[in-house]
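# Structural overview for review
Chain by chain, the residues:
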Amino acid sequence: MWKGLYFAVARFVSGWPRRVSVVPISLSSNGPNGWRSAPTISFRECCGHVCEVGSDVDPALMNAYVAVESHLACGQCQLCRDGQDHICENLKYVGIDIDGGFAEYVAVPVTLLHQLPTTIPIPSAAALEPFALATRAVLDEPVRDKSMLVTGLGPLGLMTMLIAVARGAASITGVERNPHRFQMAKQIFESVPNAAVIDSSNPEVTGTVAQRGGGSGFDRWVDWSGAGQALELGVSALRRGGIAHLLGSAEGPVALPLSQALMKEISFRTIHGRNAEAWPIAIELLSSGAVDLNPLVTHDLDLSNYRHAFDLLLEGKACKVIMTPNHLESR
Ligand SMILES: [Zn+2]
């Protein structure tokens, strides 16, 4: 059962209602910031089948196909009581505070599971946690017939563009500096008539983006980079009264062209995690086929091949890496 695994340290936490047999987990190219040493098993993006339930859980849930929410709320604080448990005052995280999906099995509270239809392919299901975040970012404001700018085209930026296309945005413009990511984004969106991908290392980027925004500028802008250059570009490219969603994090403070933003009366929003509304919409987007995440999956590796997976990501040669515990081979 444990053959050849490097991370076969699965635990069952007493009193918790469910254990999930992890099918693939997904690793993202967002960089090593989320990879760290801790006394818990890493990684939060995973899906699987329920293989054990606690005594207080409906046994009919055995074998359910599920994805895992990574935010573990306390359920007691004022924010939880107000329905804002995604920013719970005592928030804990799967893969940081409790064991995550980098294992054959993971034990999680029943409240974190989302049942999935089998029409969602396993690699997409493994990436549902970030996909639901991108879904929330896009649908936080109306998107149909709007022009949208997306800065930072890692997996989340690409998901954002795909969702905006599916939800009827008038135009979608993505901006990326990393050459591998830029080329990949270009490939994915080259056949989408109202989408364009722009290389932000080009000195003409500001003018090129402004052209895509038309005379008045973009209606919406979603940033996943947290980079100062992207913030400057986004504020410049938004129209008066435009809406900015900032989801990229930075190592330290970054400059924001505040005067320009103020003159345009730009609305800034930040988002941390998926709320209750985002999950069912994200599941529907994938199960209906409105969004296909397969183009983002560049590698599908055995879990024991983790070193190669990390190298690929650190070298910028991968987007989504799906990793499957090798015990599934014998099933
Ligand atoms: Zn709480």
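Residues numbered from 1 in each chain as written. Predicted model: local features only at pLDDT ≥ 70, side-chain atom pairs only at ≥ 80, totals over all residues.

We now examine the overall build of the protein. Helix and strand counts for the protein stand at 10 helices and 15 strands. Buried positions account for 44% of the 331 residues belonging to the protein. Look at the contacts in the protein between residues 6 or more apart in sequence, and 69% of them connect residues 24 or more apart. (Helix = DSSP H or I, 4+ residues; strand = E, 2+ residues; numbered from the N terminus. Buried ≥ 20, exposed ≤ 12 C-beta atoms within 10 Å, placed from the backbone. Contact = placed C-beta atoms within 7 Å.)

This paragraph deals with the environment of Q183. Relative to the assigned elements, Q183 resides in helix 5 (residues 179-189). For Q183, a count of 13 C-beta atoms within 10 Å gives the class partly exposed. Placed 14 residues apart in sequence, Q183 and V197 show a C-alpha to C-alpha distance of 8.9 Å.

Moving on, we come to helix 4 (residues 155-166). The terminal C-alpha atoms of helix 4, which comprises 12 residues, lie 16 Å apart, in line with the 16 Å expected from a rise of 1.5 Å per residue. Across the 12 residues of helix 4, 11 count as buried, placing the element largely inside the fold. Taken together, the buried positions of helix 4 are occupied by P155, L156, G157, L158, M159, T160, M161, L162, I163, A164 and V165. Just past helix 4, the residue G168 takes up positive phi, approximately 80 degrees. (Expected span 1.5 Å × (residues − 1).)

Formed by 88 residues in total, the largest nonpolar core has its most connected members in M148, M161 and A164. Sort the elements by how many residues they give to this core and helix 4 lands first, with eight residues. Taken domain by domain, the makeup of this core includes at least three residues from each of domain 1 (18-130 + 275-330) and domain 2 (141-270). When residues no more than four places from it in sequence are discounted, the contact partners of M148 are V143, A164, A169, I172, F218, D219, R220 and V222. (Core = buried A, V, L, I, M, F, W, Y, C linked by C-beta atoms within 7 Å. Domains from an automatic or database assignment.)

Overall, parallel pairing links the six strands, which are arranged 10-9-8-11-12-13 in an open sheet. Each edge of the open sheet is held by one strand with a lone partner, namely strand 10 (195-199) and strand 13 (267-270). Taken pair by pair, the neighbouring strands of this sheet meet at an average axis angle of 20 degrees, ignoring direction. Inspection of the sheet shows strand 11 (residues 218-223) paired to strand 12 (residues 238-246) by five bridges, in the parallel sense. Residue pairing across strands places D223 opposite L246, the latter belonging to strand 12. Most of the contacts of helix 4 go to strand 9 (residues 171-176), to which it runs at about 170 degrees, and overall it touches strand 8 (147-151), strand 9, strand 10 and strand 11. Running at roughly 165 degrees to strand 11, helix 7 (residues 228-237) makes contact with strand 8, strand 9, strand 11 and strand 12 of the sheet. (Pairing = 2+ DSSP bridges. Axes fitted to C-alpha atoms, helices over the stretch in contact; angles between N-to-C directions.)

In this section: the confidence of the model for the protein. When pLDDT drops low, the exact placement of atoms in the prediction is not to be read closely. Predicted confidence across the protein gives a mean pLDDT of 85, with 87% of residues reaching 70 or more. Scored below 50 in pLDDT, residues 1-18 shows 47 contacts in the model against residues more than four places distant or in partner chains. This stretch, residues 29-35, has a pLDDT under 50; its non-local contacts, to residues over four places away or in other chains, come to nine contacts. (pLDDT = per-residue confidence, 0-100.)

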